[in-house]
Amino acid sequence: MEIPFFPEQASTFAARVDNLLLVLLALSGLITFGVVMAILYFVVKYRRGSGADRSGAIVTSNRLEAAWIFIPLLLGLGVYVWAANIYFDMKRPPEQALEISVIGQQWMWKFQHPDGPREINELHVPVRRPVKLVMTSQDVIHSLYVPAFRIKQDALPGRYTNVWFEATRPGQYHLFCAEYCGTEHAAMTGTVIAQEPGAYQQWLRDNAAGPTVAASGEQLFTELGCDSCHLADDSGRGPSLVGIFGEEVQLSGGETITVDENYIRESILQPRARIVAGYRPIMPTFEGQVSEEELMMLITYIQSLSEE
Ligand code: CUA
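So, here's what we can say about the structure.

1. Looking at helix 3 (residues 197-206)
So, step 1. Listed as buried for helix 3 are Y200, W203 and L204. Take helix 3 and look down its axis: the buried residues cluster within an arc of 100°, on one side only. Set apart from the buried face of helix 3 by more than 90 degrees, the exposed residues are R205 and D206.
So, step 2. Summarising the contacts, the buried residues of helix 3 are in contact with strand 1 (98-105), strand 3 (118-120), strand 4 (122-126) and strand 10 (190-195).

2. Points about the packing of aromatic side chains
The geometry of two aromatic rings is summed up by the distance between their centres and the angle between their planes.
So, step 1. All told, the structure shown has 10 aromatic pairs when counted by the stated rule.
So, step 2. Between Y41 and F42, the aromatic rings sit 5.4 Å apart at their centres with planes inclined by 65°, giving edge-to-face as the arrangement.
So, step 3. The class for F42 is partly exposed, based on a relative accessible area of 44%.
So, step 4. Aromatic ring contacts, followed pair by pair, group Y41, F42 and Y46 into a single cluster.

3. Things to note about the nonpolar core
The tendency in soluble globular proteins is for nonpolar side chains to be buried side by side.
So, step 1. Ranked by internal contacts, the top residues of the largest apolar core, which has 33 residues, are I100, W109, F111, V125, L133, F149 and Y173.
So, step 2. Once you skip the residues sitting within four places of it in the chain, Y173 turns out to touch E8, A10, V146, A148, F149, G190, T191, V192 and A194.
So, step 3. Listed in part, the 26 residues of the second largest apolar core include Y263, V276, M296 and I302.

4. Details of the packing of helix 5 (residues 261-269) against helix 6 (residues 292-304)
So, step 1. For the pair helix 5 and helix 6, the least separation of the axes is 10 Å and the interaxial angle reads 120°. Regarding the angle of helix 5 to helix 6, the classification is oblique. Here helix 5 and helix 6 pass one another in a crossing that is right-handed. Within the contact between the two elements, helix 5 uses E261, I264, R265, I268 and L269 and helix 6 uses E292, L295, L298, I299, I302 and Q303.

5. Here's the deal with unusual backbone geometry
So, step 1. W107 follows Q106 through a cis peptide bond whose omega is -5°.
So, step 2. Here W107 is to be found in the loop between strand 1 and strand 2 (108-112).
So, step 3. Despite not being glycine, N121 shows a phi value in the positive range, around 60°.
So, step 4. In this fold, N121 is placed in the loop between strand 3 and strand 4.

6. Quick notes on the packing of helix 4 (residues 213-223) against helix 6
So, step 1. Axis separation between helix 4 and helix 6 bottoms out at 7 Å; the angle between their running directions is 100°. On the basis of the axis angle, helix 4 is roughly perpendicular to helix 6. Contact with helix 4, carried on its side by V213, A214, S216, G217, E218, L220 and F221, involves E294, M296, M297, L298, T300, Y301 and S304 of helix 6 and no other residues of that element.
So, step 2. When grouped by side-chain class, the residues that make up the contact of helix 4 with helix 6 number 8 nonpolar, 4 polar and 2 charged.

What counts and what doesn't
Residues numbered from 1 in each chain as written. Predicted model: local features only at pLDDT ≥ 70, side-chain atom pairs only at ≥ 80, totals over all residues. Heavy atoms only, no water. Buried < 20%, exposed > 50% of the residue type's maximum accessible area, 1.4 Å probe, protein only. Helix = DSSP H or I, 4+ residues; strand = E, 2+ residues; numbered from the N terminus. Arc of directions from axis to C-beta. Contact = heavy atoms within 4.5 Å. Phe/Tyr/Trp six-rings, centres within 6.5 Å; stacked < 30°, edge-to-face > 60°. Core = buried A, V, L, I, M, F, W, Y, C linked by side-chain atoms within 4.5 Å. Axes fitted to C-alpha atoms, helices over the stretch in contact; angles between N-to-C directions. Parallel < 35°, antiparallel > 145°, perpendicular 65-115°, else oblique. Left-handed = near helix turned anticlockwise from the far one by under 90°. Nonpolar A, V, L, I, M, F, W, Y, C, P; charged D, E, K, R; others polar.

The analysis is restricted to geometry; functional conclusions fall outside its scope.
Shown next, in the form of structure tokens:
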């Protein structure tokens, strides 16, 4: 059996992360090797009883000092800029990314595609297209880890985090939970199935089950009575939700906030925490009435109102 030294490189990040890691290893290795060799050399040369010349000892050398300050400094800064560049790219999902919701739960991963299909411990994605995972947890902290894509992100209860990737090769890749989350943490694994875009579309059609997430969200929006206050033309008791996603709104305290998944979530569960300027704090909380899945649906629906 072959035990690979590195996982496969199956995303656009993989080679970039590996190259950085290899250079870091090489630099650390070189410096460690140099220091150890110098120690061994001096230990032998100046051992007690050796006849080595001990006269003319150098007390200080500005050139040497400058060299060992500036060379490592430049190397360190170079690695820093390089790594920061990769980090920023990983933290900024492209706008047109395909968005898939993820809920971590003891002990499984639940995935919800925008067009309707749901999966557990399996995630189908198209290759050569950015995919953004918006994730949360129903209980404790989990962490979604796909070594072949070189991505890892915690899923936290009570808020949304995200991570994105672009798969480069069709195939099946391991998916792990990388945060100890209880008895069956080690069993909280799964498979990412990366497919050619055509095959992915076919899979979506074969697994089309019921309405899209946004449509389910819209239905829930009506059932919960949200639509009786949040009128589209802004004449209701609550602000209109059309076109707000991704925009800044002014709050009653004077400050502004960008409407994102976390703000909408807060507004549903703790509606009085941050009130939009010009409105009264009259909305009741929906804490305990909507599940994580339903929250995701409502958010996807509100997001869809900004997409035309
Ligand atoms: Cu979930 Cu470890």
